[in-house]
Amino acid sequence: MKGFFSKLSQAIMLPIALLPAAGIMLGIGGSFTNPTMVEAYQISILQDGTALNSFLQVMTAAGNIVFANLPVMFALAIAIGFARAEKGAAALAALISYLVMNVAIAKTLVVGGMIDSASNTVILMGSNYSGILADVLGIHNTLSMGVFGGLIAGAVTVVLHNRYHDAKLPDYLGFFGGARYVPIISAFAALFYGIVLTFIWPFFGAAFGAIGVALGDLRASGLGYIASFIFGIIERSLIPVGLHHVFYLPLWQTEIGGTAHIAGEVVKGTQNIFFASLASGDFSQFSSTNFMTGKFPFMMFGLPAAAYAMYTLVDPENRKAAGGLLFSVALTAFLTGITEPIEFTFLFLSPALYYFLHVPLAGISFLLMDLLGVKVGMTFSGGFIDFSLFGILPGVTGVNNHWYYIIAVGIVYAFVYFFLFRWYIVKFDVKTPGRKGSAVAVVSKQDYRDAKAGGSAGGDDGKAEAMIDALGGKDNIVDVDACITRLRITVKDAGLVKENDYWTTQLGARGLVKVGETGIQAIYGAQAATYKAQINSKLGK
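If you look the chain up in an unreviewed UniProt entry, it shows as PTS mannose transporter subunit IIB from Vibrio eleionomae. In its Subcellular location (unreviewed entry) section, UniProt records this for the chain: "Cell membrane".

This is the structure in structure tokens:
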């Protein structure tokens, strides 16, 4: 089960990686076409009807289209991520499945007389279900399943693909065999499970909606901060096994995270609500219990301060090398909100430091942002880039999002993280990078050049070969992929994979996680995708 969810988390990172670019377009376009901002600052070149205003509106629409079509992107991502071969054919089959599924649902609702046009609700077994109809890719009045629809279509497709991608048909049908057979059988399958979903999804939609209503009730009763605190605790706790994406995505993209009426449309999911609010300029429906804002204080301020605390305890002879390592991971966390490199720097050295100090502080950060009424969204993580685009910019254009509290709480968090981490490291003698002969490697530029020149594990080719060897050899490797910060490898036998100390001291990893019997995650930060390509090249994939 852990291996499956790890693979799922890995697959859905493909569409999530698109969100920063789309978010930037939305952030810039939405903020600088906001009528309140244009009127307040009297910027003539941004007035409605000007060339720049028209371009920014196009930019806003371009960013919006990505968020509006995430479900189909998830269908494609699941197919690509889980297909064992012929990934392109799997992606095409997933797209066809998603379209056929939605057409089957829409037509079944019509021929079954299940739509009350007066109230725009679905009638099933005598009950009315509101807010579950949507237009998807030109298909009118299908069920609004959000990313779950994409996950369902992608999952069924990949099961069929992995079983039939090499199917052999009789000679007279030979042209339709192999990879060509998968889109055909996937389309027929989607026809039938689309019809079935028509009769069962309204119940699931109602259940998900009930969770959203419960969160809304917490907010209305003044207890939304409890939901925010619990979310922060769980989300950070799942980071070590890479399953946090699976946890937060339904809250960000479906009615579990709430619903809102914006610009005449029903919008579901806290992230979708934020970007719909940004595009329309109406933030009245965006709640402080948004499962996003709490990341900014500890990602931008807390963890960089923890890195500085580790730096102050480095042995003098390692100060320069360790400083380069810790500065890079701190800057990455501050700018982009990608925190795994720094979190894994201390997680493996002291799990208690991670779970008993860092995780509770993350939960409290979410709680404080909720109590202070801060309403700042993000694309995928809480760094300065997202903070500027989705906090400061909307804040100075007339949106009362209280973005300045992030800085105020963040400064306090910097001091808290610095002193708590420094105290804990000294008290329990945690051997952080460069301290007291730490087992965590601190590699200088000259070490890297020397290793590369010698063709050893430090060089590009040598390092890929060394990783393959550390994974138990080519014959033990089933699949190699990467998300933003970690290599995600499926092996036949995890027992053949070298342990964490080898990966950190010899291969420059921040840490290694073994997930179940076959899942391996090597944390490398932004270099993960590069190493993936190098290893797959060596494997001939």
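Moving on from the coordinates now.
## Regarding the sheet that holds strand 1 (residues 115-116)
Here we have three strands laid out as an open sheet, ordered 1-2-3, and antiparallel in their pairing. A single partner strand is all that each edge strand has here, and the edge strands are strand 1 and strand 3 (127-129). Alignment of strand 1 against strand 2 (residues 121-124), held across two bridges, turns out to be antiparallel. Across the sheet, residue D116 finds its bridge partner in strand 2, namely T121.

## A short note on the packing of helix 15 (residues 351-371) against helix 17 (residues 404-427)
Direction vectors running N to C along helix 15 and helix 17 enclose 165°, while the axes themselves pass 12 Å from each other. For the element pair helix 15 / helix 17, the angle class is roughly antiparallel. The hand of the helix 15/helix 17 crossing is right-handed. Together, A352, L353, L357, H358, L361, A362, I364, S365, L368 and M369 of helix 15 and Y405, I406, V409, Y413, V416, Y417, L420, F421, Y424 and I425 of helix 17 make up the contact between the two elements. Its residues placed into classes, the contact of helix 15 with helix 17 shows 18 nonpolar, two polar and no charged.

## Focus: the domain arrangement of the chain
The domain boundaries assigned to the chain delineate domain 1 (1-207) and domain 2 (461-539). A separation of 32 Å is found between the C-alpha centroids of domain 1 and domain 2.

## Focus: the pattern of salt bridges
One pass over the full model with this rule turns up eight salt bridges. Residue E465 is joined to K538 by a salt bridge in which the shortest nitrogen-to-oxygen separation is 3.6 Å. Remark: K538 occurs in helix 21 (residues 528-539) and E465 occurs in helix 19 (residues 460-470); sequence separation between them is 73 residues. Classification of E465 as partly exposed rests on a relative accessible area of 37%. Here K538 falls in the partly exposed class, since its relative accessible area comes to 27%. Its salt-bridge partner being K532, residue D481 comes within 3.3 Å of it at the nearest N-O pair. With D481 in strand 8 (residues 477-482) and K532 in helix 21, this pair connects stretches of sequence that are 51 residues apart. By relative accessible area, K532 is classed as partly exposed at 28%. Each member of the salt-bridge network shares a partner with another, and the members are E235, R236, K295 and E343.

## Some words on the sheet that holds strand 9 (residues 486-491)
With antiparallel pairing, the four strands of this open sheet are ordered in space as 8-9-11-10. The open sheet has two edge strands, strand 8 and strand 10 (511-515), and neither has a second partner. Across the sheet, the mean angle separating the axes of adjacent strands is 20° when strand polarity is ignored. Of the strand pairs in this sheet, strand 10 and strand 11 (residues 519-523) are connected by five bridges, and their pairing is antiparallel. From the neighbouring strand, V515 faces strand 11, where its bridge partner is G519.

## Let's talk about the packing of aromatic side chains
This model, assessed by the stated rule, comprises 33 aromatic pairs. Grouping aromatic residues by their ring pairs yields a cluster made of F296, F334, F384, F387, W403, Y404 and Y405. When the ring centre of Y248 is taken as origin, the NZ or CZ atom of K295, which lies over that ring, is 4.8 Å away. One cation-aromatic arrangement involves K498 over Y502; the distance from NZ or CZ to the ring centre is 5.1 Å.

Cut-offs and rules
- Residues numbered from 1 in each chain as written.
- Predicted model: local features only at pLDDT ≥ 70, side-chain atom pairs only at ≥ 80, totals over all residues.
- Heavy atoms only, no water.
- UniProt positions renumbered as here; feature names shortened; annotations may be inferred.
- Pairing = 2+ DSSP bridges.
- Helix = DSSP H or I, 4+ residues; strand = E, 2+ residues; numbered from the N terminus.
- Axes fitted to C-alpha atoms, helices over the stretch in contact; angles between N-to-C directions.
- Parallel < 35°, antiparallel > 145°, perpendicular 65-115°, else oblique.
- Left-handed = near helix turned anticlockwise from the far one by under 90°.
- Contact = heavy atoms within 4.5 Å.
- Nonpolar A, V, L, I, M, F, W, Y, C, P; charged D, E, K, R; others polar.
- Domains from an automatic or database assignment.
- Salt bridge = Lys/Arg side-chain N within 4 Å of Asp/Glu carboxyl O.
- Buried < 20%, exposed > 50% of the residue type's maximum accessible area, 1.4 Å probe, protein only.
- Phe/Tyr/Trp six-rings, centres within 6.5 Å; stacked < 30°, edge-to-face > 60°.
- Lys NZ or Arg CZ within 6 Å of the ring centre and 35° of its normal.

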